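Here is how the chains run, residue by residue.
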Amino acid sequence: MAKKDCGGHPPKLNGYPGAVVLFNNLADVPATIFKCPADIDEKAMLALKLDLAMRENAPAGWKGDDTREKQVLNALFPIMSRDRQATEAVFALIKHQPGY
């Protein structure tokens, strides 16, 4: 289950609830290539980058639409170091967030 707000996120994530969820879960993402940044600021920037990619690239009504979900996966893939396993894990987190 996605960890929502543990209260230990950097202030730059305030106002971005989706990015906070990503920040709190990035270290637990299964991956073959992707490495979660150890530095808190780098991890926060990655969460914000994923959040921005969703806001800019996710088409309206993407959840449940196979073609549109693939567009979302394609937007996330390069951010997640082109790691299919990590991309799918982050996609699952994002898909269950009401803000996207």
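Further up the page is the structure itself.
This report concerns the structure included in the present document. Since we're looking at a predicted model, the values are computed, not measured.

### So, the packing of aromatic side chains
Inference 1: Per the counting criterion, the structure on display carries 1 aromatic pair.
Inference 2: Sitting over the face of the ring of F23, K43 holds its NZ or CZ atom 4.6 Å from the ring centroid.

### Here's the deal with helix α3 (residues 66–76)
Inference 1: Along α3, the residues that are buried comprise E69, V72, A75 and L76. Buried residues of α3 fall within an arc of 115 degrees about the axis and therefore sit on the same side. For α3, the exposed residues lying more than 90 degrees away from the buried face are T67 and N74.
Inference 2: Of the surrounding secondary structure, the elements contacted by the buried residues of α3 are α2 (40–57) and α4 (84–95).
Inference 3: A side-chain oxygen of the first residue of α3 lies 3.1 Å from the backbone nitrogen of T67; this N-cap is D65.

### Some points on the nonpolar core
Inference 1: Residues L22, L26, L50, L76, V90 and I94 are the most contacted members of the largest nonpolar core, which totals 27 residues.
Inference 2: At the level of secondary structure, the elements contributing two or more residues to this core comprise α1 (17–25), α2, α3 and α4.
Inference 3: In terms of residue count, α2 provides more of this core than any other element does, 7 residues in total.
Inference 4: Dropping the residues within four chain positions of it, I94 is found in contact with L22, M54, W62, K63, L76 and Y100.

### Some remarks on the environment of A60
Inference 1: Mapped onto the elements, A60 comes out in the loop between α2 and α3.
Inference 2: Note: C-alpha distance between A60 and F91 (31 residues apart in sequence) is 16 Å.

### What to know about the pattern of salt bridges
A side chain of one charge can pair with a side chain of the opposite charge if their charged atoms are brought near each other.
Inference 1: Tallied over the full model, the rule gives 4 salt bridges.
Inference 2: Between K12 and D41 there is a salt bridge, with the nearest N and O atoms lying 3.9 Å from each other. In this pair, K12 is assigned in the segment before α1 and D41 in helix α2, connecting sequence segments 29 residues apart.
Inference 3: The exposure class of K12 is partly exposed, given its relative accessible area of 37%.
Inference 4: In this structure, R55 engages D51 in a salt bridge whose closest nitrogen and oxygen atoms are separated by 3.0 Å. Placement of both R55 and D51 in helix α2 is noted, with a separation of 4 residues, approximately one turn of the helix.
Inference 5: Residue R55 is classed as partly exposed on the basis of its relative accessible area of 46%.

What counts and how
Residues numbered from 1 in each chain as written. Predicted model: local features only at pLDDT ≥ 70, side-chain atom pairs only at ≥ 80, totals over all residues. Heavy atoms only, no water. Phe/Tyr/Trp six-rings, centres within 6.5 Å; stacked < 30°, edge-to-face > 60°. Lys NZ or Arg CZ within 6 Å of the ring centre and 35° of its normal. Buried < 20%, exposed > 50% of the residue type's maximum accessible area, 1.4 Å probe, protein only. Helix = DSSP H or I, 4+ residues; strand = E, 2+ residues; numbered from the N terminus. Arc of directions from axis to C-beta. Contact = heavy atoms within 4.5 Å. Polar contact = N/O pair within 3.5 Å; in protein donor to acceptor, adjacent residues only side chain to side chain. Core = buried A, V, L, I, M, F, W, Y, C linked by side-chain atoms within 4.5 Å. Salt bridge = Lys/Arg side-chain N within 4 Å of Asp/Glu carboxyl O.

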